[in-house]
Amino acid sequence: MCLGIPGQVKEIYDMNGIRMGKVDFNGIVKDVCLAYLPDITVGDYTIVHVGFAITRLDEQSALETLALFQSIGLLDEELRSNAAEEEAA
Amino acid sequence: MKYLDEYRDPDLAQRLFAEIRRITTRPWAIMEVCGGQTHSIIRNGIDQLLPEAIELIHGPGCPVCVTPLEIIDKALAIASRPNVIFCSFGDMLRVPGSAKDLFRVKSEGGDVRVVYSPLDAVRLAQQHPDREVVFFGIGFETTAPANAMAVLQAHRLGLRNFSMLVSHVLVPPAISAIMESPTNRVQGFLAAGHVCSVMGTWQYRPLVERYHVPIVVTGFEPLDVLEGIRRVVLQLEAGRAELDNAYERAVRPEGNVAAQQVLSEVFEVTDRAWRGIGVIPQSGWRLRNAYRAYDAEARFAVGDIQTRESPICRSGEVLQGMLKPNQCPAFGKECTPRTPLGATMVSSEGACAAYYQYGRFIKAEEVGVAR
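To start, this report covers the structure provided alongside it. (Residues numbered from 1 in each chain as written. Chains lettered and ligands numbered in written order. Predicted model: local features only at pLDDT ≥ 70, side-chain atom pairs only at ≥ 80, totals over all residues. Heavy atoms only, no water.)

### Some thoughts on empty space enclosed by the protein
Consideration 1: Counted by the stated rule, this structure contains six cavities of 30 Å³ or more.
Consideration 2: Quantified by volume, the second largest cavity comes out at close to 90 Å³.
Consideration 3: A class-by-class count of the residues in the lining of the second largest cavity yields nine nonpolar, three polar and one charged. (1 Å grid on protein atoms, 1.4 Å probe; cavity = no way out; pocket = protein on both sides within 12 Å on 5 of 7 lines; lining within 4 Å. Points joined across faces, edges and corners; volume = space filled by probe spheres on them. Nonpolar A, V, L, I, M, F, W, Y, C, P; charged D, E, K, R; others polar.)

Here it is as structure tokens:
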């Protein structure tokens, strides 16, 4: 829950007055709230916690972390387990 | 040397281990506060590769583990109600309450749903105006901004069928409680990086000064953890106690100001019970009066709850760094991730679950792990 995953903002949109974005985590794209990073723009990297972008990250650090998380299976664990549990329900 | 070739940069890891060995002249006990760091330490065998003089004490920073039993029981009671859609982060579903867990409630017909973001629960409330949607709002300062925004959003949308069971906890008061405990052995802290991404680092300066204890803000990857340890040991060996930031790429001194503004709009500080530890003064957040309409505890009148912990679970001692998970007699026997007796065996951030997942059934010194 607290791990936080770096991803790249691909698109920014508004949902009921909240700033949202599509964020790409090495191929898995999620809807993420960007309200706490009002200056972030498309192409920037951020760390995401429970669907919220909480801090900016430079591209190199983000890519290195993503590659590491993917190699040890943490990406799926953080991003897919919930969806899988829902499907199983 | 065990595990080392699995590091992203084995050469750098090797150099950091060597450097820590070089500067360590005396025994030191260092606490990693965050469960995510505990997970990284056990997964990568960092504790076994460090010099023997350095002991890592696993801290209480696993939100799933410290959410009080009474709140879990309240969650179970609310989730069992026929008109409720109960939404939670996935790792809360197996946390044992006094009699059962949320998975059991679900199998008994309760509408329990795992969501990725608390905003998903707000959306469910919009989609089901005839149902009561309740979100289980737990966690440290990292998840709190998300939960605060969900409450604000429900308020903006005028949703009357959304509420939150709030049990937020805060890191700095926990560090105070650890330092003031008569049994404390901790001499330096790795502070939780992402908590500081939100809250900044300034909250830790008074702790450094009051307790003369080094606090180093640290990330979650193996190399981050090693660098955090190296900086704590450097201070300890020199007799210094300073606030240091080893995770600058994600942590600014002021933190995320926009998030802090929303947090103080929605939440106020309160005393909070920590599972296995007890009440820590001013260690949590609850909804402010202006948002009491969204307080699930008030809405569902679940005040009268008799709790009962497992009589053999010793997770309280694990959470306070007094016992390593594999020193508990029930570890890996009566208590496994499939049949957890305590919350520390549930979440991947819990120390017991991390020890189980990575096969730490026997204490390192008993098998003579090479360092």
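### Digging into the pattern of salt bridges
Residue and element names in this part refer to chain B.
Consideration 1: Within this structure, the stated rule accounts for 26 salt bridges over all chains.
Consideration 2: Linking E55 and K324 is a salt bridge whose minimum nitrogen-to-oxygen distance equals 3.0 Å. In this pair, E55 sits in strand β2 (residues 54-61) while K324 sits in the loop between α15 (315-319) and α16 (351-357), placing the two residues 269 residues apart along the sequence.
Consideration 3: Taking relative accessible area as the criterion, E55 reaches 26% and is therefore assigned partly exposed.
Consideration 4: Across the pair D244 and R231 runs a salt bridge whose closest N-O atoms are separated by 3.2 Å. Residue D244 is found in strand β9 (residues 243-245), and its partner R231 is found in helix α12 (residues 222-238); the two are separated by 13 residues along the sequence.
Consideration 5: When salt bridges that share partners are traced, they join E227, R230, R231 and D244 into one network. (Salt bridge = Lys/Arg side-chain N within 4 Å of Asp/Glu carboxyl O. Helix = DSSP H or I, 4+ residues; strand = E, 2+ residues; numbered from the N terminus. Buried < 20%, exposed > 50% of the residue type's maximum accessible area, 1.4 Å probe, protein only.)

### Things to note about the sheet that holds strand β4 (residues 111-114) of chain B
All names here are of chain B.
Consideration 1: Strand order across the open sheet formed by six strands is β4-β3-β5-β6-β11-β10, with mixed pairing between neighbours. Of all strands in the sheet, those bounded by a partner on one side alone are β4 and β10 (267-274). Averaged over neighbouring strand pairs, the angle between their axes works out to 25° when direction is ignored.
Consideration 2: Strand contacts of helix α8 (residues 144-156): β5 (132-139), β6 (162-169), β10 and β11 (278-287), with the helix running at about 155° to β6, the strand carrying the most contacts.
Consideration 3: Along the sheet, helix α9 (residues 171-180) makes contact with β6, β10 and β11, crossing β11 at roughly 175°. (Pairing = 2+ DSSP bridges. Axes fitted to C-alpha atoms, helices over the stretch in contact; angles between N-to-C directions. Contact = heavy atoms within 4.5 Å.)

### Re the nonpolar core
Soluble globular proteins tend to pack their nonpolar side chains together in the buried interior.
Residue and element names in this part refer to chain B.
Consideration 1: With 124 residues, the main nonpolar core has F86, F136, F162, F189 and Y204 as its most contacted residues.
Consideration 2: A total of eight residues in this core trace back to one element, the largest contributor, which is α8.
Consideration 3: Setting aside residues no more than four positions away along its own chain, F136 makes contact with T67, I71, I72, A75, F86, C87, S88, M92, L102 and L165.
Consideration 4: The next biggest cluster of nonpolar side chains, apart from the first, holds 36 residues, and it includes A13, I42, I54 and A330. (Core = buried A, V, L, I, M, F, W, Y, C linked by side-chain atoms within 4.5 Å.)

### Regarding the sheet that holds strand β1 (residues 28-34) of chain B
All names here are of chain B.
Consideration 1: Overall, parallel pairing links the five strands, which are arranged β2-β1-β7-β8-β9 in an open sheet. In the strand order of this sheet, the two ends are held by β2 and β9, each with one partner. Strand-to-strand, the axes of this sheet are offset by a mean angle of 25°, without reference to chain direction.
Consideration 2: One ladder, built from three bridges, connects strand β8 (residues 215-218) with β9; its direction is parallel.

### Let's talk about the state of the cysteines
Note: disulfide means a covalent bond formed between the sulfur atoms of two cysteine side chains.
All names here are of chain B.
Consideration 1: Under the definition given, this model contains one disulfide over all chains.
Consideration 2: The residue that forms a disulfide with C62 is C65, at a sulfur-sulfur distance of 2.4 Å. As the torsion about the S-S bond is roughly 70°, the C62-C65 disulfide counts as right-handed. Neither C62 nor C65 differs from the other in exposure class; each is buried. (Disulfide = S-S within 2.5 Å.)

### Brief notes about the interface of chain B and chain A
Consideration 1: Contact residues are listed per partner, giving 45 residues for chain B and 41 residues for chain A.
Consideration 2: In this assembly, chain B and chain A are joined by zero salt bridges.
Consideration 3: Elements supplying a minimum of two residues to the side of chain B that touches chain A: α4 (63-66), α6 (102-107), β4, α7 (118-127), α8, α10 (193-199) and α13 (257-266) of chain B.
Consideration 4: Ranked by the residues each element gives to the side of chain B that touches chain A, the list is headed by α8(B), at six residues.
Consideration 5: Partitioned by chemical class, the residues of the side of chain B that touches chain A number 24 nonpolar, ten polar and eleven charged.

### Description of helix α2 (residues 35-43) of chain B
All names here are of chain B.
Consideration 1: The element α2 is largely enclosed, with a buried count of nine among its nine residues.
Consideration 2: Inspection of α2 places G35, G36, Q37, T38, H39, S40, I41, I42 and R43 among the buried residues, and these make up the whole buried set.
Consideration 3: At the C-terminal side of α2, G45 shows a positive phi close to 65°.

### Points about the packing of aromatic side chains
Consideration 1: Scanning the model with the defined rule gives nine aromatic pairs over all chains in all.
Consideration 2: Ring geometry for B:Y356 versus B:F361: centroids 5.3 Å apart, planes at 80°, classification edge-to-face.
Consideration 3: Linked through ring pairs, B:F331, B:Y356 and B:F361 together constitute an aromatic cluster.
Consideration 4: In this arrangement the basic side chain of A:K30 is found over the ring face of B:Y116, its NZ or CZ atom lying 4.3 Å from the centre.
Consideration 5: Across the ring face of B:Y355, the terminal group of B:R360 is positioned such that the distance to the ring centre comes to 5.8 Å. (Phe/Tyr/Trp six-rings, centres within 6.5 Å; stacked < 30°, edge-to-face > 60°. Lys NZ or Arg CZ within 6 Å of the ring centre and 35° of its normal.)

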